[in-house]
Amino acid sequence: LKPMLKKLIPLLICFPLFLKAQSIEVCPKCPINTIAQAVAKAKKGDTIIVQKGTYPENNILLDKPLTLIGKDRPIINGQFKGSILKIQADSITIKGFRLANVPFKATEEQAAILLDKSKKFLIEDNIMDQVCFGVLLRKGRDGIIKNNKISSNATQQYNSGNAIHLWSCKNIKIIGNEAANCRDGIYIQFSSKSYIKGNYCHGNLRYGLHFMFSDDNEYHRNKFSKNGAGAAVMFSKRVKMVENTFQDNWGPSSYGLLLKELYDSELVGNTFYRNTIGINGENCTRMKYNENNFTENGWGIRIRGGCYQNDFWDNNFFNNTFDVAYDNNVNDNKFRSNYWSDYTGYDLNKDGVGDVPYRPVKLFSYISNRTPESIVLLRSLFIDIMNFSEKVAPVFTPENLIDETPRMEPFKRTKQ
């Protein structure tokens, strides 16, 4: 009997709360015609239904569990006077709104939706435009940010914010959002166990996705296009990157993916298409790169100093200006069973593996890495002769950076 009573007591305590939960309607001609009024009147667990209209409000404080539902996309106009919704409670749902006009302020972060230490929240199907930060989450956990569209008109990094920004968070799901024309599309700092899937980040000034000091995170099937750089993953461990697309990220210091001080991580099934540099890796150790496609990039992969014990296999390199660039003549990384579009070897026994090893690092890539101005000589006969001589007798490029088993046909990945 006692165990049964222990189970029933919490239910009996909560039951009156469920009975008292109610819906509050807000509309321009209703008795309650502002969202702030509705929030002040609401009790824990209530639902606020906001009808179509424009509501000039800002700094609305939500300090108790509530559900806010917008019908026919009501607009909350922040009037460039501060954050719009400031959440300081757990179990909050915000769905179906358009939030607009959030200012930049040098001394305080301003956001369309600002969450402090919030848990088990849902931010879904909202449009945020002309905002500094879209969703800004500090010390939150176990929440979902899903199917939102966030944009700004940022022109300078110093006076703009990020579409979705996480600081010191855990177990956050960021799914199906679109982030455009902000400083960073998605920024994650000191946060762990985030799951980022199906987002589209484009036209952002700095990065589509930016990781800093964030371990044990995953991102799957996101697209990063025409940003200052596609994504930067730095100072982190055990990050998993699967089936993402990095496309058309062009510029003198632009990358599809920038990796720095990254350890024990995986890149599987990603697409790098028409970037200045597909992957730029610096001080990355024990990394696994497999089943990725590098197509029509300036550099497919550029390996800088401090990269050790990395393994590249079953990747496809199609028509890159340089497939691999390497900064020194010492190599501690493995290349095996990759497909190289400019491989000219043969396969006498027809086992699908080239009988002649392939050296992916050309001498000219080594030279242009150190002297960028030399790129004007790229298509000259002199460079072809120089590359051939280095291929026969390596002097400047790493002698052991070699694919002993190059594929004769591209690797075909089975979709997961």
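Before reading further, recall that the structure is shown in the block above.
Notes on the structure in this doc start here. (Residues numbered from 1 in each chain as written. Predicted model: local features only at pLDDT ≥ 70, side-chain atom pairs only at ≥ 80, totals over all residues. Heavy atoms only, no water.)

## Here we look at the overall build of the protein
Item 1. What the protein contains, in helices and strands, is four helices and 39 strands.
Item 2. Split by element, the accessible area of the protein, about 19500 Å² in all, is 53% carbon and sulfur. (Helix = DSSP H or I, 4+ residues; strand = E, 2+ residues; numbered from the N terminus. Areas by Shrake-Rupley, 256 points an atom, 1.4 Å probe, with all protein chains shown as cover.)

## Here's the deal with the packing of aromatic side chains
Item 1. The full count for this structure, using the stated rule, is 16 aromatic pairs.
Item 2. When the centroid spacing of 4.8 Å and the interplanar angle of 5° are considered together, the rings of Phe 294 and Phe 317 count as stacked. With Phe 294 in strand S33 (residues 293–295) and Phe 317 in strand S36 (residues 316–318), the pair connects residues that are 23 residues apart, well separated along the chain. Residues Phe 294 and Phe 317 agree in their burial class; the two are buried.
Item 3. Ring geometry for Trp 299 against Phe 322: centres 5.7 Å apart, planes inclined by 35°, an arrangement best described as tilted. A residue pair is termed long-range when its members are at least 10 positions apart, and Trp 299 in strand S34 (residues 299–303) and Phe 322 in strand S37 (residues 322–326) qualify at 23 residues.
Item 4. Given a relative accessible area of 15%, Trp 299 falls into the buried group.
Item 5. Judged by its relative accessible area of 3%, Phe 322 falls in the buried class.
Item 6. When the ring centre of Trp 299 is taken as reference, the NZ or CZ atom of Arg 302 above it lies at 5.6 Å. (Phe/Tyr/Trp six-rings, centres within 6.5 Å; stacked < 30°, edge-to-face > 60°. Buried < 20%, exposed > 50% of the residue type's maximum accessible area, 1.4 Å probe, protein only. Lys NZ or Arg CZ within 6 Å of the ring centre and 35° of its normal.)

## Comments concerning the pairing of strand S5 (residues 67–70)
Item 1. Both strand S2 (residues 47–50) and S5 contribute to a ladder of four bridges, which runs parallel. Bridging across to S5, Ile 49 finds its partner in Ile 69.
Item 2. Examined bridge by bridge, S5 and strand S8 (residues 93–95) share three bridges and lie parallel to one another. Counterpart to Leu 68 in the pairing with S8 is Ile 94. (Pairing = 2+ DSSP bridges.)

## Notes on the pattern of salt bridges
Item 1. Tallying each qualifying case throughout the model produces 16 salt bridges.
Item 2. A salt bridge links Lys 95 to Glu 124; the shortest N-O distance between them is 3.8 Å. Of the two residues, Lys 95 sits in strand S8 while Glu 124 sits in strand S11 (residues 122–124), which places them 29 residues apart along the sequence.
Item 3. On the basis of relative accessible area, Lys 95 is assigned to the partly exposed category, the value being 32%.
Item 4. On the basis of relative accessibility, which here comes to 15%, the residue Glu 124 falls in the buried class.
Item 5. Three or more residues are tied together by salt bridges with common partners; here these are Arg 221, Glu 243, Glu 291 and Arg 413. (Salt bridge = Lys/Arg side-chain N within 4 Å of Asp/Glu carboxyl O.)

## Notes on the state of the cysteines
Item 1. In total, this model carries one disulfide according to the counting rule given.
Item 2. Disulfide pairing places Cys 27 opposite Cys 30 at an S-S distance of 1.9 Å. Torsion about the S-S bond of the Cys 27 and Cys 30 cystine: about 100°, corresponding to right-handed handedness. The burial state of Cys 27 is the same as that of Cys 30; both residues are buried. (Disulfide = S-S within 2.5 Å.)

## What about the pairing of strand S10 (residues 111–116)?
Item 1. The buried fraction of S10 amounts to five of the six residues, a majority that puts the element mostly inside the structure.
Item 2. Pairing between strand S7 (residues 85–87) and S10: three bridges, direction parallel. For Leu 85, the partnering residue across the bridge sits in S10 and is Ile 113.
Item 3. Inspection of the sheet shows S10 paired to strand S13 (residues 133–138) by five bridges, in the parallel sense. Paired with Leu 115 across the strands is Leu 137, a residue of S13.

## Focus on the sheet that holds S13
Item 1. Pairing in this open sheet of 12 strands is parallel, and the strands run S4-S7-S10-S13-S16-S19-S22-S25-S28-S31-S34-S37 from one edge to the other. Looking at the sheet topology across the chains shown, the edges are occupied by strand S4 (60–62) and S37. On average, each strand axis in the sheet is tilted by 10° relative to the strand beside it, whichever way the strands run. (Axes fitted to C-alpha atoms, helices over the stretch in contact; angles between N-to-C directions.)

## Looking at empty space enclosed by the protein
Item 1. Applying the stated rule across the entire model yields one cavity of 30 Å³ or more.
Item 2. Considering only enclosed or pocket space, the largest cavity measures out at about 50 Å³ in volume.
Item 3. Every residue along the wall of the largest cavity is listed here: Ile 279, Gly 281, Cys 284, Tyr 289, Ile 301, Arg 302, Ile 303, Cys 307, Asn 310 and Phe 312.
Item 4. Elements with a contribution of two residues or more to the lining of the largest cavity: strand S31 (277–282) and S34.
Item 5. Of the residues in the lining of the largest cavity, the class split is seven nonpolar, two polar and one charged. (1 Å grid on protein atoms, 1.4 Å probe; cavity = no way out; pocket = protein on both sides within 12 Å on 5 of 7 lines; lining within 4 Å. Points joined across faces, edges and corners; volume = space filled by probe spheres on them. Nonpolar A, V, L, I, M, F, W, Y, C, P; charged D, E, K, R; others polar.)

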